[in-house]
Amino acid sequence: MLLSLCPVQSCAMAETEEEEMVSAEASGFSDVSDSEFLEILDLDDSQESSASLSNPGPSSELPGKDGKLISLPKGRRGLDVSSPMERFHLNYLYVTDLSTQNWCEQQMIYGKEVPDFLVPEKAAVLDTGASIHLARELEVHDLRTVPITTKEDAWAVKFLNVLLMIPTLQSEGRIREFPVFGEVDGVLLVGVIDELHYTAKGELELVELKTRRRPVLPLEAQKNKDYFQVSLYKYIFDAMVQGKVTTASLIHHTKLHPEKPLGPSVLRHAQQGGFSVKSLGDLMKLVFLSLTLSDLPVIDILKIEYIHQETATVLATEVVAFEEKEVRGKVQHCMAYWMGHREPQGVDIEEAWKCRTCNYADICEWRQGGGVHSSTLEPQAKKAK
């Protein structure tokens with residue numbers, strides 16, 4: 001059984017005698033899994049060429065949840081030399097940040113600048129996808145809610161999940177919603193793997209569930225985004241079981257206080273799970289020992305399962321080839337932006353059709369610049385004079 005976090009003081013505690021595990025949505029590991037966020041309109045291939053980079057709308061504002069207009073910040077300018085990690089006050093990134101960045105970097109940035117903006121149609125699709133994921137998870141284990149009050153407690157629940165899931169995978173052969181975390185090119189990446197299980201041949205297989213609003217498969221560009229996502233999961237998971245992820249790196253990036261005592265609810269659940277710990281640091285030591293001493297193999301097979309939301313029909317199951325060199329190249333390109341080594345980029349003219357499903361198309365600086373970020377056009381304009 002997994003524990004789910006509740007970042008409030010009062011939560012109803014489910015009573016059960018089964019083994020517990022912990023789900024970590026409130027601990028900073030909530031990872032958007034569904035591709036509908038990017039392709040809510042389910043475009044057909046015939047629509048790909050119907051958008052233009054050089055046709056921006058007149059507004060630089062978007063309607064918020066309450067109907068009021070939200071002004072979007074402009075891109076990096078002049079004396080602002082901070083990196084995007086610093087500008088957005090980020091200690092780490094989600095795996096889905098990078099996969100979304102691979103779809104359209106400019107769109108991902110606007111999503112950071114206006115995090116509460118989401119049209120009702122897309123919110124409904126994401127809610128449905130989340131419900132399907134939860135139902136899948138409940139097929140394998142139950143959930144118990146744990147009240148938390150600090151980020152140390154939130155990460156402690158995440159670590160408890162890892163400690164409980166590892167022996168479950170080894171004994172029962174299947175787990176769902178497994179947390180992953182690791183440093184990649186100087187940045188901490190975190191995420192949640194939908195499912196891990198052993199095949200009849202003893203191979204460790206990762207399955208990523210993607211729900212679809214319509215009973216059609218995504219376009220190749222959307223599939224590529226999904227391929228990148230599962231490849232990142234494997235890259236991080238493999239590093240975890242090979243002992244390449246360290247407590248020092250995790251503490252450095254998350255700014256956690258390992259000496260901080262666990263909250264009473266988290267401590268009680270840790271003790272019920274058979275773990276004699278007092279602080280987050282105690283749990284971290286157990287997690288890294290368990291990862292390296294449990295004989296967990298690296299992931300052998302990557303699969304993506306596309307399912308129609310309404311009927312639960314499996315549309316296709318695709319096997320993804322892991323190309324480490326290609327993955328590393330994409331990661332390095334992504335991180336160059338986050339570390340402030342280059343300006344953000346939108347889509348190429350050949351993929352301008354993506355703008356049709358983008359909430360920010362009317363105010364997009366990349367489109368206004370005709371495929372060049374407006375902040376890079378300003379010096380050129382002065383030079384021309």
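Residues numbered from 1 in each chain as written. Predicted model: local features only at pLDDT ≥ 70, side-chain atom pairs only at ≥ 80, totals over all residues. Heavy atoms only, no water.

Description of the overall build of the protein
The number of helices and strands found in the protein is 12 helices and 10 strands. Residues classed as buried in the protein amount to 53% of the 385 residues present. Taking as baseline every contact in the protein between residues at least 6 positions apart, the subset at least 24 positions apart corresponds to 74%. (Helix = DSSP H or I, 4+ residues; strand = E, 2+ residues; numbered from the N terminus. Buried < 20%, exposed > 50% of the residue type's maximum accessible area, 1.4 Å probe, protein only. Contact = heavy atoms within 4.5 Å.)

Remarks on the packing of aromatic side chains
Throughout the structure, instances matching the rule amount to 11 aromatic pairs. Here the aromatic rings of Trp103 and Trp353 are separated by 5.9 Å at their centres, their planes lie at 85°, and the arrangement is edge-to-face. Highlighted residues: Trp103 in helix α2 (residues 95-103) and Trp353 in the loop between α10 (324-338) and α11 (365-368), separated in sequence by 250 residues. Relative accessible area serves as the criterion here: at 3%, Trp353 is assigned to the buried category. (Phe/Tyr/Trp six-rings, centres within 6.5 Å; stacked < 30°, edge-to-face > 60°.)

Quick notes on the nonpolar core
Judged by nonpolar contacts, the single largest core of 71 residues is most densely connected at Leu98, Phe178, Phe181, Leu196 and Phe237. Counting residues per element, this core draws most heavily on helix α5 (residues 151-172), at 12 residues. Setting aside residues no more than four positions away along its own chain, Phe178 makes contact with Val162, Met165, Ile166, Gly191, Val192, Ile193, Leu196, Phe237 and Met240. (Core = buried A, V, L, I, M, F, W, Y, C linked by side-chain atoms within 4.5 Å.)

Section: the pattern of salt bridges
Taken as a whole and judged by the stated rule, the model has 15 salt bridges. As a salt-bridge pair, Glu351 and Lys354 come within 2.9 Å of each other at their nearest N and O atoms. You can call Glu351 partly exposed: its relative accessible area is 29%. Note on Lys354: relative accessible area 5%, which makes it buried. Salt bridges sharing common partners tie together Glu208, Lys210, Lys225 and Asp226. (Salt bridge = Lys/Arg side-chain N within 4 Å of Asp/Glu carboxyl O.)

Concerning the side chain of His253
With respect to the helices, strands and loops of the structure, His253 is situated in helix α7 (residues 247-254). Looking at His253, its side chain comes within polar contact range of the side chain of Glu183, at 2.8 Å. Residues in contact with His253, not counting those within four places in the same chain, are Asn91, Glu183, Gly186, Val187 and Leu188. (Polar contact = N/O pair within 3.5 Å; in protein donor to acceptor, adjacent residues only side chain to side chain.)

Focus on the environment of His333
With respect to the helices, strands and loops of the structure, His333 is situated in helix α10. Taking the C-alpha atoms as reference points, His333 and Asn102, separated by 231 residues in sequence, lie 9.5 Å from one another. Not counting the four nearest positions on each side in its chain, His333 is found in contact with Arg342 and Gln345.

Quick word on unusual backbone geometry
Not every positive phi belongs to a glycine, and His89 is a case in point at roughly 55°. Structurally, the position occupied by His89 is in the loop between α1 (84-87) and β4 (93-94). Unusually for a residue other than glycine, Asp295 sits at a positive phi of about 65°. Residue classification places Asp295 among the exposed residues on the basis of a relative accessible area of 67%.

Re the confidence of the model for the protein
When the pLDDT values of the protein are averaged, the result is 78; 68% of them are 70 or greater. In this model residues 7-28 is a low-confidence stretch, pLDDT under 50, and it forms 70 contacts with partners more than four residues away in sequence or in other chains. Counting interchain partners and residues more than four positions distant, the pLDDT-below-50 stretch residues 30-60 has 100 contacts. (pLDDT = per-residue confidence, 0-100.)

Re helix α8 (residues 264-272)
All buried positions along α8 are accounted for by Ser265, Val266, His269 and Ala270. Along the axis of α8, the buried positions cluster into a sector of 135°, meaning they face one direction only. The first or second residue beyond α8 is Gly274, which carries a positive phi of 90°. (Arc of directions from axis to C-beta.)

Quick look at the state of the cysteines
Under the counting rule described, the total for this entry stands at zero disulfides. Its sulfur unpaired, Cys104 is 6.1 Å from the next cysteine sulfur, which belongs to Cys358. Classification of Cys104 by relative accessible area gives buried; the value is 12%. Cys364 supplies the cysteine sulfur nearest to Cys355, a cysteine that is in no disulfide, at a spacing of 6.3 Å. (Disulfide = S-S within 2.5 Å.)

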